[in-house]
Amino acid sequence: MSVNEGNELVGEIELAPAFHDCDPMNVVWHGNYFKYFEIARCALLKRYDYDYPQMLESGYLWPVVDARVKYVRPLLFGQALRVRSRIVEWENRLKIEYEILDAESGQVLTRAMTIQVAVDAASKEMLYQCPPVLWQRLGVPAP
């Protein structure tokens, strides 16, 4: 599917927090949200047929260089959740937005985003434009 036609693929996974992800009040510790985003990001990229092993095979590393979280409601131990992810920018960086939803009610619990940049695997230099292989996987014409 083509991202620029509004038909972007949306990744969605279902999880339940483990007891060790929570503090003594059974509230999920904030650092574990990033783990949930990583799982969702991997599932999303796999739908585009460009997961982490394929990224490396194509000659690029894609480190997360920025991440932001907006907590709306607490996430609790035993609460089933869905993490929805979608790519919103891809020209000079890869920006992915996330929503954590209560699996039963659909109520938004958290919103977030991550930014990844392409790094040449051989030289370790950061690129200031996404490589053609990403454009190809997203189904959009390169600039």
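Conventions used here
Numbers given to residues run from 1 along each chain, matching the order in which its sequence is written. It should be noted that, the model being predicted, local features are given only for residues of pLDDT at least 70 and side-chain atom pairs only at 80 or more, the latter also being counted only at that level, while totals for whole chains, interfaces and linings use all residues. Side-chain calculation: all heavy atoms of the structure are included, whereas hydrogens and water are not. Confidence scores here are pLDDT values: one per residue, from the predictor, ranging 0 to 100. Residues are treated as being in contact if the distance between any of their heavy atoms lies within 4.5 Å. Put simply, DSSP marks the helices as runs of H or I at least four residues long and the strands as runs of E at least two long, and each gets a number from the N terminus on. One less than the residue count of a helix, multiplied by 1.5 Å, gives the span that helix is expected to have. Classification of residues uses two cut-offs on accessible area relative to the type maximum, computed with a 1.4 Å probe and protein chains only: under 20% is buried, over 50% is exposed, and between them is partly exposed. Whether two strands pair comes down to DSSP finding at least two bridges between them. Only the stretch in contact is used when a helix axis is fitted, and all axes are lines through C-alpha atoms; the angle between N-to-C directions ranges over 0 to 180 degrees. What we call a nonpolar core is a set of buried Ala, Val, Leu, Ile, Met, Phe, Trp, Tyr and Cys residues that are connected through their side-chain atoms within 4.5 Å.

Before going further, it helps to spend a moment on the confidence of the model for the chain. Per-residue confidence for the chain averages 89 on the pLDDT scale, and 94% of its residues sit at or above 70. Every residue in residues 1-5 is under pLDDT 50, and counting partners more than four places away or in other chains gives 17 contacts.

Before going further, it helps to examine helix 1 (residues 32-47). Across its 16 residues, helix 1 extends 23 Å between first and last C-alpha, which sits within 8% of the 22 Å expected from 1.5 Å per residue. Inspection of helix 1 places N32, Y33, Y36, F37, A40, R41, L44 and L45 among the buried residues, and these make up the whole buried set. The elements touched by buried residues of helix 1 are strand 1 (11-15), helix 2 (52-57), strand 3 (64-71), strand 4 (81-89), strand 5 (94-102) and strand 6 (108-116). Just past helix 1, the residue D49 takes up positive phi, approximately 60°.

Before going further, it helps to spend a moment on the sheet that holds strand 5. A sheet is described by the order of its strands in space; here five strands give the open sequence 1-4-5-6-3, paired in antiparallel fashion. Where the open sheet ends on each side, the last strands, each with one partner, are strand 1 and strand 3. Pairwise comparison of adjacent strand axes, ignoring direction, gives a mean angle of 20° for this sheet. As paired strands, strand 1 and strand 4 are joined by five bridges and run antiparallel to one another. Bridge pairing in strand 4 places E12 opposite R84. Lying on the sheet, helix 1 is in contact with strand 1, strand 3, strand 4, strand 5 and strand 6; it crosses strand 5 at an angle near 115°.

With that out of the way, let us pick up the side chain of K95. With respect to the element layout, K95 can be found in strand 5. Exposure remark for K95: the relative accessible area of 17% places this residue in the buried category. Beyond its immediate chain neighbours, meaning those up to four positions away, K95 contacts R86, I87, V88, E89, M113, T114 and I115.

Residues W62, L75, V83, I87, L94, I100 and L134 are the most contacted members of the largest nonpolar core, which totals 33 residues. Elements with a contribution of two residues or more to this core: helix 1, strand 4, strand 5, strand 6 and helix 3 (132-138). Sort the elements by how many residues they give to this core and helix 1 lands first, with six residues. Beyond its immediate chain neighbours, meaning those up to four positions away, L75 contacts P17, N26, V27, V28, Y33, Y36, L81, I100 and L109.

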